[in-house]
Amino acid sequence: MMGDSAVIVIEELNKHFRSGEAVTQVLRDINLQIDAGECIVLKGVSGSGKTTLLSIIAGMDRPSSGKVLVEGEPISKLPDLHISHFRARKIGMIFQHFNLFEHLTAFENVMIPLIPVGLKMDEVNQKVTSSLKLANIYHKAQSPAGRLSGGEKQRVAIARALASDPDIILCDEPTANLDRENSLKFIEILSQLHEMGKTIVVATHDPLFDELPFDSRMVPIEDGSLLDGRTENPSAKS
Ligand SMILES: Nc1ncnc2c1ncn2[C@@H]1O[C@H](COP(=O)(O)OP(=O)(O)OP(=O)(O)O)[C@@H](O)[C@H]1O
Ligand SMILES: [Mg+2]
């Protein structure tokens with residue numbers, strides 16, 4: 001199952017960081033097209049450029065050269081304010097360290113990204129409730145995030161990423177702090193999101209993502225270059 005419209009288009013993307021005289025080239029001539037409903041597994045060792053690439057797709061960092069279109073918007077060229085509104089509506093992000101406010105409840109954490117969207121209070125409540133349920137963590141809604149286990153925190157982070165019902169979900173090393181059981185639960189939720197038609201990009205070096213139980217496309221990244229953006233994941237069953 002797959003739309004034929006590209007949701008993310010990356011053309012001739014380069015990124016370097018400069019500190020004094022030294023220039024570090026982190027992403028090199030990246031070309032990648034991601035269709036609606038695809039799940040991309042961006043696989044590479046530490047330092048290969050995965051987080052940098054996700055940050056640029058999310059508009060949190062800018063390319064040195066090249067073009068990035070997200071749903072047709074040239075996210076790499078938009079003004080900051082426009083980018084943050086666009087991101088709030090279109091993109092959900094899940095991070096390795098969850099990035100929750102530990103003293104706020106699960107419910108409150110999920111509510112936060114909805115604030116700039118400007119909804120009525122009962123709409124906010126309804127969206128928070130449904131995304132906590134989808135992420136299978138509604139039973140902990142009133143617990144402070146700081147008192148949750150790693151797997152539970154991750155599910156709150158998933159709920160937060162889903163709260164604004166984004167078309168695109170970006171995950172950076174989502175299972176790096178989870179045990180095997182919780183990693184498998186994460187993959188189960190990812191599978192549901194895939195079924196809902198979300199476009200998903202997961203940056204990881206976790207071998208569990210080599211054999212996802214749904215269609216996905218493995219995109220290896222090495223030293224800032226994509227090795228073969230067209231390889232299909234041979235183990236995918238659908
Ligand atoms: N702000 C920065 N300034 C200078 N160099 C940076 C900066 N951000 C990242 N880098 C360098 O870019 C390279 C790629 O970093 P990146 O975080 O994208 O890798 P990664 O694949 O996500 O690694 P990991 O698996 O460890 O998270 C690294 O060598 C890193 O040191
Ligand atoms: Mg990283």
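Everything in this summary refers to the structure shown in the same document. (Residues numbered from 1 in each chain as written. Chains lettered and ligands numbered in written order. Predicted model: local features only at pLDDT ≥ 70, side-chain atom pairs only at ≥ 80, totals over all residues. Heavy atoms only, no water.)

Section: the overall build of the protein chain
Part 1: A count of helices and strands for the protein chain gives 6 helices and 9 strands.
Part 2: Whereas a compact globule of 238 residues would reach a radius of gyration of roughly 18 Å, the protein chain reaches 18 Å, a difference of no more than 12%.
Part 3: For the protein chain, the spread of C-alpha atoms along the three principal axes comes to 50 × 40 × 40 Å.
Part 4: For the protein chain, the proportion of its 238 residues judged to be buried stands at 49%.
Part 5: Expressed as a percentage of contacts within the protein chain between residues at least 6 apart in sequence, the contacts between residues at least 24 apart total 67%.
Part 6: Working note: accessible area of the protein chain is about 11300 Å², and carbon and sulfur atoms make up 50% of it.
Part 7: Averaged over its 25 positive side-chain charges, the protein chain has a centre that lies 5 Å from the centre of its 32 negative ones. (Helix = DSSP H or I, 4+ residues; strand = E, 2+ residues; numbered from the N terminus. Rg over C-alpha atoms; globule rule 2.2 N^0.38 Å. Buried < 20%, exposed > 50% of the residue type's maximum accessible area, 1.4 Å probe, protein only. Contact = heavy atoms within 4.5 Å. Areas by Shrake-Rupley, 256 points an atom, 1.4 Å probe, with all protein chains shown as cover. Lys, Arg positive; Asp, Glu negative; His and termini not counted. Charge placed at Lys NZ, Arg CZ, Asp CG, Glu CD.)

Details of the pairing of strand S2 (residues 22-35)
Part 1: Note: strand S1 (residues 6-19) against S2, 10 bridges, orientation antiparallel. Paired with Arg 18 across the bridge in S2 is Val 23.
Part 2: Hairpin connection from S1 to S2: 2 residues lie between these consecutive antiparallel strands, with Gly 20 at a positive phi of about 65°. (Pairing = 2+ DSSP bridges.)

Considering the packing of helix H5 (residues 150-162) against helix H6 (residues 180-195)
Part 1: Running from N to C, H5 and H6 cross one another at 15°; their axes reach a closest spacing of 10 Å. One way to sum up the angle between H5 and H6 is to call them roughly parallel. For the element pair H5 and H6, the recorded crossing hand is right-handed. Contacts between H5 and H6 involve Gly 151, Gln 154, Arg 155, Ile 158 and Leu 162 from the first element and Asn 182, Lys 185, Phe 186, Ile 189 and Leu 193 from the second.
Part 2: For the contact of H5 with H6, a count of residues per class yields 5 nonpolar, 3 polar and 2 charged. (Axes fitted to C-alpha atoms, helices over the stretch in contact; angles between N-to-C directions. Parallel < 35°, antiparallel > 145°, perpendicular 65-115°, else oblique. Left-handed = near helix turned anticlockwise from the far one by under 90°. Nonpolar A, V, L, I, M, F, W, Y, C, P; charged D, E, K, R; others polar.)

Focus: the site of ligand 1
Part 1: Taken together, the neighbourhood of ligand 1 is formed by Phe 17, Val 26, Val 45, Ser 46, Gly 47, Ser 48, Gly 49, Lys 50, Thr 51, Thr 52, Glu 173 and His 205.
Part 2: Contact distances for ligand 1 include 2.6 Å between an oxygen atom and a side-chain N or O atom of Thr 52.
Part 3: Notes on ligand 1: free accessible area 640 Å², of which the protein chains cover 58%.
Part 4: Residues that form the shell around ligand 1 fall into these classes: 3 nonpolar, 7 polar and 2 charged. (Near = heavy atom within 4 Å. Polar contact = N/O pair within 3.5 Å; in protein donor to acceptor, adjacent residues only side chain to side chain.)

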